[in-house]
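Each chain is listed here by its residues.
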Amino acid sequence: MENTEPSSIDPNLYALYSSARKPRILLAASGSVSATEFSTLCHCFFEWAEVKAVVTKDALKFIDILSLPRGVTVYTDEHEWACWQRIGDSVLHVELQRWADMMVIAPLSANTLGKIAGGLCDNLLTCIVRAWDYGKKQVFMAPSMTASMWKNIVTERHAMLVDELGVALIPPVLKRDPSTGEHVESSGSMADNSHISATRE
Ligand SMILES: Cc1cc2nc3c(=O)[nH]c(=O)nc-3n(C[C@H](O)[C@H](O)[C@H](O)COP(=O)(O)O)c2cc1C
């Protein structure tokens, strides 16, 4: 049957209706202890979006893949190379970058932040970010590291560089010692899951 536009419906409304689909979110995790929260975060996003997950080798040490929602495909560095045999085959990081409407990296480790700030791309996650079209699609990053790493001058420089790219940083929540009011050394200080998953264009 020919796909004709119903004459009684406003063409603009029809176009909007027929293109209506859930937002496509690339949800990525790097090797911070907060990656133990990744499954919960995946479930939050999966309530309102199509989700594909990208995880670094070290993120996998903190994530129970079986606890992720059934509809979420998880991609690792191995998939990048398993998908490619010869010239002409599609390249996974290019395909995922094209598929996504937006990307959220939560948690973002100090290491991956540094790599992104420096333009390095030696794994699936950083290749996707390196190929990202910042003019058209948003990237959110939720760093998670100890207070001493977060407040380090190196992190400050890296954060400024990714800010220039147009990345939206969701800062970690640093815990305070109630007796002194000073920030204490705490790992896994990623922003709250509900705060991150409320991220929409
Ligand atoms: C038990 C453990 C916990 C760690 N937690 C953090 C963390 O919270 N934040 C961070 O930036 N790095 C953390 N690291 C260090 C990273 O895992 C390490 O820098 C790793 O190379 C990150 O790799 P990726 O960025 O490719 O995922 C931790 C390491 C270990 C062994």
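Residues numbered from 1 in each chain as written. Predicted model: local features only at pLDDT ≥ 70, side-chain atom pairs only at ≥ 80, totals over all residues.

## Details of the overall build of the protein chain
Okay, step 1: Along its length, the protein chain carries nine helices and six strands.
Okay, step 2: Split into buried and exposed, the 201 residues of the protein chain put 34% on the buried side.
Okay, step 3: Of the contacts made within the protein chain by residues no fewer than 6 positions apart, 71% connect residues no fewer than 24 positions apart. (Helix = DSSP H or I, 4+ residues; strand = E, 2+ residues; numbered from the N terminus. Buried ≥ 20, exposed ≤ 12 C-beta atoms within 10 Å, placed from the backbone. Contact = placed C-beta atoms within 7 Å.)

## Considerations on the sheet that holds strand β6 (residues 168-169)
Okay, step 1: Across the sheet, which stays open at both edges, the six strands sit in the order β3-β2-β1-β4-β5-β6 with parallel pairing between neighbours. The sheet is open, and its two borders are formed by β3 (73-75) and β6, each paired with just one other strand.
Okay, step 2: Relative to strand β2 (residues 50-55), strand β1 (residues 24-29) runs parallel, the two being bridged by six bridges. Across the sheet, Ala-29 pairs through a bridge with Val-55, a residue of β2. (Pairing = 2+ DSSP bridges.)

## A look at the pairing of strand β5 (residues 138-143)
Okay, step 1: Two strands pair when backbone bridges link them, and strand β4 (residues 102-108) and β5 are joined in this way by five bridges, in the parallel orientation. The residue of β5 that forms the bridge with Met-102 is Gln-138.

## Let's talk about the nonpolar core
Okay, step 1: If you look at the biggest cluster of nonpolar residues, it comprises 48 residues, and the most contacted ones within it are Leu-27, Val-54 and Ile-128.
Okay, step 2: With sequence-adjacent residues up to four places away left out, Ile-128 is seen in contact with Leu-26, Val-54, His-93, Leu-96, Gln-97 and Met-103. (Core = buried A, V, L, I, M, F, W, Y, C linked by C-beta atoms within 7 Å.)

## Quick word on the confidence of the model for the protein chain
Okay, step 1: Residues of the protein chain with pLDDT of at least 70 account for 84%, and the chain-wide mean is 88.
Okay, step 2: For the stretch residues 1-10, pLDDT sits under 50, and the model shows four contacts to residues farther than four places along the chain or on other chains. (pLDDT = per-residue confidence, 0-100.)

## Considerations on the environment of Glu-78
Okay, step 1: Structurally, Glu-78 is set in helix α3 (residues 77-82).
Okay, step 2: Exposure remark for Glu-78: the 10 C-beta atoms within 10 Å place this residue in the exposed category.
Okay, step 3: Separated by 45 residues in sequence, Glu-78 and Asn-123 have C-alpha atoms that sit 9.4 Å apart.

## With respect to the packing of helix α5 (residues 110-118) against helix α8 (residues 153-165)
Okay, step 1: Interaxial distance between α5 and α8 falls to 9 Å at its minimum, and their mutual angle equals 50°. When the interaxial angle is binned, α5 and α8 end up oblique. The way α5 lies across α8 gives a crossing that is left-handed. Facing Ala-110, Leu-113, Gly-114, Ile-116 and Ala-117 of α5, the residues of α8 in contact are Thr-155, His-158, Leu-161 and Val-162.
Okay, step 2: For the contact of α5 with α8, the class distribution of residues is six nonpolar, three polar and no charged. (Axes fitted to C-alpha atoms, helices over the stretch in contact; angles between N-to-C directions. Parallel < 35°, antiparallel > 145°, perpendicular 65-115°, else oblique. Left-handed = near helix turned anticlockwise from the far one by under 90°. Nonpolar A, V, L, I, M, F, W, Y, C, P; charged D, E, K, R; others polar.)

## Section: unusual backbone geometry
Okay, step 1: At the junction of Ala-106 and Pro-107, the peptide bond is cis and its omega measures out at 5° in the coordinates.
Okay, step 2: Structurally, the position occupied by Pro-107 is in strand β4.

## Description of the environment of Gly-114
Okay, step 1: Note on placement: Gly-114 falls in helix α5.
Okay, step 2: What makes Gly-114 partly exposed here is the crowd of 16 C-beta atoms within 10 Å.
Okay, step 3: Counting along the chain gives 40 residues from Gly-114 to Val-154, while the straight-line C-alpha distance between them is 8.4 Å.

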